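Spelled out from the first residue to the last, the chains are:
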Amino acid sequence: SDATLPSLTLLRPEECVLSPDPSRPEMPVVTLPRLLLKRLETSEVAKALVWGTKAPAPPVERLEELVREATAISKASNSATEYAAVASELVSVWTSIARAHLRDTGLGPREKEKLRAICSREDCRCIPIKISPTTADATPGTLGIVPINRCVLMEADGKSSTSDEILALTVESFVASGFMH
C-alpha cells in the first residue's frame, strides 16, 4: 500500500455527510469514487440512513496512540514506509480534531487537557509534515513526523488577535497545508 495516501476512517452515517456542507465545515465528507458516490446518493439505502446529524468525537485517544507509535518508530529506526503510514494517519487524526474545534461547542475541557498533555511531552512526535523533495534521501511527497518543538509559535500582537481570529488562522493554516479540505 502507498503510505502517503490518507488513512481510512470509518464513521457512522450520522457522523458524516455525502457532500460538503458550507454551513457545517466540521463534518467529515464521505470520500468515494465519483460514480460510486453518485450511486450511493440515489440508492434506497442512502435515503433510509440519517446523514450528518452528529459530529464524531475528536480522536484524541488515537492521537495519543499514534504519538507513542511514532516515537517508538523514530527511536528504533524502522522503515520509512511504516513511519509514513503513521504520519498519514496523524494527518487524518489532526484533521478530525481541527474539525471538532470548529464546532459551536468546540473541544471539551477533557480533550483540551489531553491535547496539552500529549503535546507537552519531551520530544513528542505529533506533527505530520511533507518532506521536501530537496532532502537527499526523501521521495517527493513523503510524509514525516516532527516534534512540536520544531513548530513556530505565533505570538498575538496584543491588540487585534482574538480567539476567533486565532481559530480562523488555525483553520486557514490547516486548509492551506492540505491537511483539511
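Everything discussed here concerns the structure shown above.
The following refers to the structure shown. Per-chain numbering applies: the sequence of each chain, read as written, is numbered from 1 onward. Only residues with pLDDT of at least 70 are given local features in this predicted model, and only at 80 or more are side-chain atom pairs given and counted; all residues enter the totals for whole chains, interfaces and linings. Hydrogens and water are ignored here; the side-chain numbers use all heavy atoms of the structure.

Notes on the packing of helix H3 (residues 60–76) against helix H5 (residues 109–119)
Which entries qualify depends on this criterion: Note on geometry: axes are lines fitted to C-alpha atoms, helical ones only across the stretch in contact, with angles between N-to-C directions running from 0 to 180 degrees. Counting from the N terminus, the helices are the DSSP runs of H or I reaching at least four residues and the strands are the DSSP runs of E reaching at least two. Under this scheme an angle from 65 to 115 degrees is roughly perpendicular, one under 35 degrees roughly parallel, and one over 145 degrees roughly antiparallel; angles in between are oblique. The contact criterion used throughout is that any non-hydrogen atoms of two residues lie within 4.5 Å.
Relative orientation of the contacting elements H3 and H5 amounts to 10°, with a least axis distance of 10 Å. On the basis of their axis angle, the class for H3 and H5 is roughly parallel. Residues Val 60, Glu 61, Leu 63, Glu 64 and Val 67 of H3 touch H5, and the partners they reach there are Arg 110, Glu 111, Lys 114, Leu 115 and Ile 118.

Topic: the packing of H3 against helix H4 (residues 80–102)
Which entries qualify depends on this criterion: Helix crossings are classified by the rotation of the near helix relative to the far one: an anticlockwise turn of less than a right angle makes the crossing left-handed, while a clockwise turn makes it right-handed.
Closest axis-to-axis distance for the H3/H4 pair is 10 Å, and the angle between their directions is 155°. Considering the angle they form, H3 stands roughly antiparallel to H4. Our pair here, H3 against H4, has a crossing hand that is left-handed. Counting all contacts with H3, which are made through Val 60, Arg 62, Leu 63, Leu 66, Glu 69, Ala 70, Ile 73 and Ser 74, the residues of H4 involved are Glu 82, Tyr 83, Val 86, Glu 89, Leu 90, Val 93, Trp 94 and Ile 97.

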